[in-house]
Structure formats: structure tokens, C-alpha cells
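Take a look at the letters that make up each chain.
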Number of protein chains: 2
Amino acid sequence: MSDKRPIGIFDSGVGGLTVAREIQKLLPGEDMVYFGDTARVPYGTKSRETITKFSVENVEFLMRKDVKLVVVACNTVSALSLDFLKRCFRVPIIGVIGPGAKAAARSTISKRVGVIGTNATIASRSYEKAIKKVDPGILVASAGCPLFVPLVEEGWLKGSVTDAVASIYLAPLKAARIDTLIMGCTHYPLLRKVIQEAMGRNVILIDSAKEVAKEAEMILSSAGALNSQSRRSRQHFFVSDEPSRFLKVAERFLKRRVTCVKSVG
Amino acid sequence: MSDKRPIGIFDSGVGGLTVAREIQKLLPGEDMVYFGDTARVPYGTKSRETITKFSVENVEFLMRKDVKLVVVACNTVSALSLDFLKRCFRVPIIGVIGPGAKAAARSTISKRVGVIGTNATIASRSYEKAIKKVDPGILVASAGCPLFVPLVEEGWLKGSVTDAVASIYLAPLKAARIDTLIMGCTHYPLLRKVIQEAMGRNVILIDSAKEVAKEAEMILSSAGALNSQSRRSRQHFFVSDEPSRFLKVAERFLKRRVTCVKSVG
């Protein structure tokens, strides 16, 4: 069996490209349609109702592209709106919270896990609930890091300001003596070095992007829906704002040239 | 003559409340309708087309409230979309760029003016053009300060991180030996102390909010359209996202309690 339809991925902006990249690496035969809501980014400072409304529109867009699976690459949407999306649509939909939480639960030895994310993600306690579902004995400490996304978008991936912000945000997690930290926002892996430095090198950093790629593979494979095509796979990128800025940042995220961007909305 | 219709004000979010406050101080008899597009904030990182599209929708909303004057409180919209809005709508529309530029041209003695704002505002060179129109002999130095808005929204109005960010962004303006600096974004007056410290106390800071209030008074007064009502004036606030966060920040901006917020969109 083989399902030649593309995998759909959406994010509030460019951050979800880290997820797109991991899926592409693991499933190079799959076609992909990516949607970034760059006209309305960021989601992480907004309310659940607004985030859910935007997300429904994003899934509808992907449905019109006839996708076989929707991957919610945005942590904020996964945390606040995934259950609603799953109830709404018939297509299988996966988010980044579950896979990230499971990986952290597997990784921790001291049973002390940290989570960082946008304020909306942290306030939802979604990672905490997902981790406790795997192992109620794990202690979870969390911290919202709202300045991390603007720092990444500004390109300040290192330097004294970024170090100082990281050490302020991460101090409570250091004090909680965690041994595993979930980077619960697609932008944060770009700050991996700064975060690792602030936490100390013994703390294991979990990148949900890699985990959700494995989940996508498992779902498609068990449904016999992997793409067995022999031709080169195709990636299509769509954004709601004008594409030029997306293109520039996309190359930083994907580490290769991107051409097929269309503006919608 | 008297025109009892309200003044309409819109902004991408809460920042325009600094403008609302100055108008209220100068024209306490005027009713006011404020719209903050908190579901789609910020505008300053987006393209002209998207900003213009959102702005047209915002003016249409205010038109339905039967306003006699539209004040574009957002620097980014004033810089990128004001001309288009003026061509589109019959209601008088004023922005913050012209008044701020005029005040800076009046203030400078050395004929060296600085401008700070979002990347979109700075890239548009709107302040520069407006200043040169008043006096082509004035040298204008500009700097985008994209981290200032997130710092204000995070409430980090002082401290070592904010000081460091300010000194990095403002270094080229210091080197340009300006004597007047336009704070070309409604959030920046909340960082006034930090900015003043970084620039040195001899540099005069221009807050466009105060200037646009004077322009509003002039326009209404010369059209005989000031409100001569004897009852207390009314302010109505509308936002596109859920109101609770707006309410909290609104009180920081307006320095008084705010109650009448409705969510639209």
C-alpha cells in the first residue's frame, strides 16, 4: 500500500520549519505542504479562542491541498488547540507536545524535567499533563521565555544579551535541579548552545521536532500510508504575509535554498 | 458649531493607548473609540501589503462607529499605509509621523536628528522624508530597535538586559552626534529613562503621542468640530483578541482603570 498525498504542516510562522526539516530527513520520500501564518504571527502571546480560530483556518487550508496527515508544528497550537482540531477534522492530526513529553519521560533519570516555551504554552500546563500521564512521579518545572523568539528573529543567537536573558529565565529551572529540559517552542533549538551553557552540560535538551517526525513515521507506516514513489519528493511552502522575509529566514532554518513560496490570504 | 461624534483611534495593539491618553488630556470633552488589533499584533515585522490590508479593516470598523476623525496611533501604519488610507476614505485621517517629524525639526539646533522605530518604520524612511520636507538641511540617522517592543511587553522597563539592548541599538545614533531623537514607536516612551540614559541627558526625546494630540486639536478646532458637550466624555475600547491581557496592560499605559472593553472579529 502507498499513499502519495502530501503531509501537511503548519506553524504560526517560520519556526515550524525545524519540524519540516526533521520530517524530510526521516521520510525523504514524502511530499510536503507547509503553511506559515506569517501575517498573524506570533500566536504565543494570544488567547486560546484566537489561536484556535486561526488554527482551524490553517487546517482548512491544508485540507484543500489534500494532505493525508496534519502536523501541528507550533507548540502553542499543540498546547491549546490540538484537542479541538482533532474533534473537528477527520484527517489524522498530530502535535509536538505528546512526542516531546514522551521523549523527556524516557530521558530523565532523576525524575525532574524542565519545560520552556511561550507564555501561552506554559500557562496551558500541557507538557506537564502529558509527562504526568506517562509517569505521575516525575516532577515538572516550567518557565515562559517570551524574549527567546524575538531574540532568534533578530538573529541574536549568541552574545552577552542573549546569555543574560537565558540565565534570568532559566535560573528557576537550574534551582529545580532538572536533568532533562524540553525546548517547547520551535525557535528554541536555534538557541541550543546558549541554553546548554546556562543549564550546564549534564542537562539533556529535548527537541520536539525530532520526536514528532518519529511519530509521523509511525502513524503513516502503521496505516500503510507511506509514500513509495521513486521520483524526488516535492515541498511546497505557503505563507500569509509577503514571502521575501520568510524565504530569508527559511534558509537559516532548513539549511538549504527554498524557492516554492506562495503568498495566500 | 459642535460635532458630538467620537474621535476614532486605532493601533496594532495596546501601544496606541499612549496616544489616546494624550488626546484625552488635551481634549477632555471628546468621546473616543479605540481599536487595538491584538489578535494580529505586531505589525512592525510584516509587509506593507499586509499592514495596509489590516489597516483598511480597522478604519472600516471605526467608520461603523461613526467617528469624525481617525487617528492612526501606530507608527508602522502611519509610515507605510497612511497615504493609501487617506486616498481610500473620506473621513479625515492623521498619523503620528508628520507631527513627530515637525516637532523634531523645531527642536534640533545642531540639525542632526535621530529616529528609532520598528524595522518596517525605519525601512520606509517615512520620518526622514517628513523631516527633510520641513528642512532639507537636517541630517537624519535612524535605527530599528525590534527588541524594544517585546521588552516593554515583558515589563522589563529597566535593568541590565534592557540597558545593554539600548546601548547596542543606540550606539550608531550616539556616534552620529544627534541632539534630538524621535521615539518612533508607541511603546518606546515606556523606555524613556533607559533611552535617555543611553543617549545622554542633552539629547531631547520626542514623543509623537503628544504631537499628534495637538494636530487632532488643530484639525477639529479649525473645522469647528470640537465637542462642546457638558456631560462627561466617554471612552470605548475594542480589541480583536480576548480582552483580559489588554485590560492589564491598558492600565499600565493609561495610568487609570479601564472597563469598557469588547472583543470583536
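Residues numbered from 1 in each chain as written. Chains lettered and ligands numbered in written order. Predicted model: local features only at pLDDT ≥ 70, side-chain atom pairs only at ≥ 80, totals over all residues.

Trainee: Quick question: what am I supposed to make of the relation of the copies chain B and chain A here?
Mentor: Comparison of the two chain copies shows a relationship of rotation about an axis with a shift along it. Relative to chain A, chain B is turned by 180° and slid 0.0 Å along the rotation axis, the superposed coordinates differing by an RMSD of 0.0 Å. The transformation relating the two chain copies, once decomposed into turn and shift, fits a two-fold axis. Every residue of chain B has its C-alpha some distance from the rotation axis, and the shortest such distance is that of Arg40 of chain B, at 2.3 Å. When the interface residues of chain B are mapped onto chain A, 100% of them again fall at the interface, so both copies present the same face. (Least-squares fit on C-alpha atoms with pLDDT ≥ 70 in both. Contact = placed C-beta atoms within 7 Å.)

Trainee: Just checking my understanding: could you explain the nonpolar core for this structure?
Mentor: Buried together is how nonpolar side chains tend to be arranged in soluble globular proteins. Val71 and Val72 of chain A together with Val71 and Val72 of chain B are the most contacted members of the largest nonpolar core, which totals 162 residues. If we ignore the near neighbours within four places in the chain, the residues touching Val72 of chain A are Phe10, Val77, Ser78, Leu82, Ile93, Ile94, Gly95 and Val96 of chain A. (Core = buried A, V, L, I, M, F, W, Y, C linked by C-beta atoms within 7 Å. Buried ≥ 20, exposed ≤ 12 C-beta atoms within 10 Å, placed from the backbone.)

Trainee: What exactly am I supposed to notice about helix H11 (residues 208–222) of chain B here?
Mentor: Along an α-helix, residues three or four positions apart point the same way, because every turn accommodates 3.6 residues. The end-to-end C-alpha distance of H11 of chain B is 21 Å, a good match for the 21 Å that 15 residues give at a rise of 1.5 Å each. Turning to H11 of chain B, its buried residues number three or more, namely Ser208, Ala209, Glu211, Val212, Ala213, Glu215 and Ala216 of chain B. (Helix = DSSP H or I, 4+ residues; strand = E, 2+ residues; numbered from the N terminus. Expected span 1.5 Å × (residues − 1).)

Trainee: Please explain the sheet that holds strand E9 (residues 235–239) of chain B as it appears in this structure.
Mentor: Residue and element names in this part refer to chain B. With parallel pairing, the six strands of this open sheet are ordered in space as E4-E3-E1-E2-E9-E10. Of all the strands in the sheet, the pair left with one neighbour each is strand E4 (93–94) and strand E10 (261–263). Pairing geometry for E9 and E10, over three bridges, is parallel. Within the sheet, the bridge partner assigned to Val239 lies in E10 and is Ser263. Strands strand E1 (7–11), strand E2 (32–36) and strand E3 (69–72) of the sheet are contacted by helix H1 (residues 17–26), whose axis makes an angle of about 170° with E2. H11 contacts E1, E3 and E4 of the sheet and is inclined by roughly 165° relative to E3. (Pairing = 2+ DSSP bridges. Axes fitted to C-alpha atoms, helices over the stretch in contact; angles between N-to-C directions.)

Trainee: Teacher, can you tell me more about unusual backbone geometry here?
Mentor: Note: most peptide bonds trans; most residues except glycine with negative phi. All names here are of chain A. Across the junction of Val41 and Pro42, the peptide omega takes the value -5°, indicating a cis bond. Examined against the element boundaries, Pro42 turns out to sit in the loop between strand E2 (32–36) and helix H2 (48–64). A positive phi angle, close to 55°, is found at Arg125, a residue other than glycine. A tally of 14 C-beta atoms within 10 Å means that Arg125 is categorised as partly exposed.

Trainee: Any chance you could explain the domain arrangement of chain A here in plain terms?
Mentor: How big an interface is tends to be reported as the loss of accessible area on association of its parts. Residue and element names in this part refer to chain A. Looking at chain A, the domain boundaries give domain 1 (7–95 + 210–263) and domain 2 (97–208). Computed over C-alpha atoms, the centres of domain 1 and domain 2 are 22 Å apart. Facing 22 residues of domain 1, the contacting portion of domain 2 comprises 20 residues. Contributions of two or more residues to the side of domain 1 that touches domain 2 are made by helix H1 (17–26), helix H3 (75–80) and helix H11 (208–222). Residues of the side of domain 1 that touches domain 2, tallied by class, amount to seven nonpolar, nine polar and six charged. (Domains from an automatic or database assignment. Nonpolar A, V, L, I, M, F, W, Y, C, P; charged D, E, K, R; others polar.)

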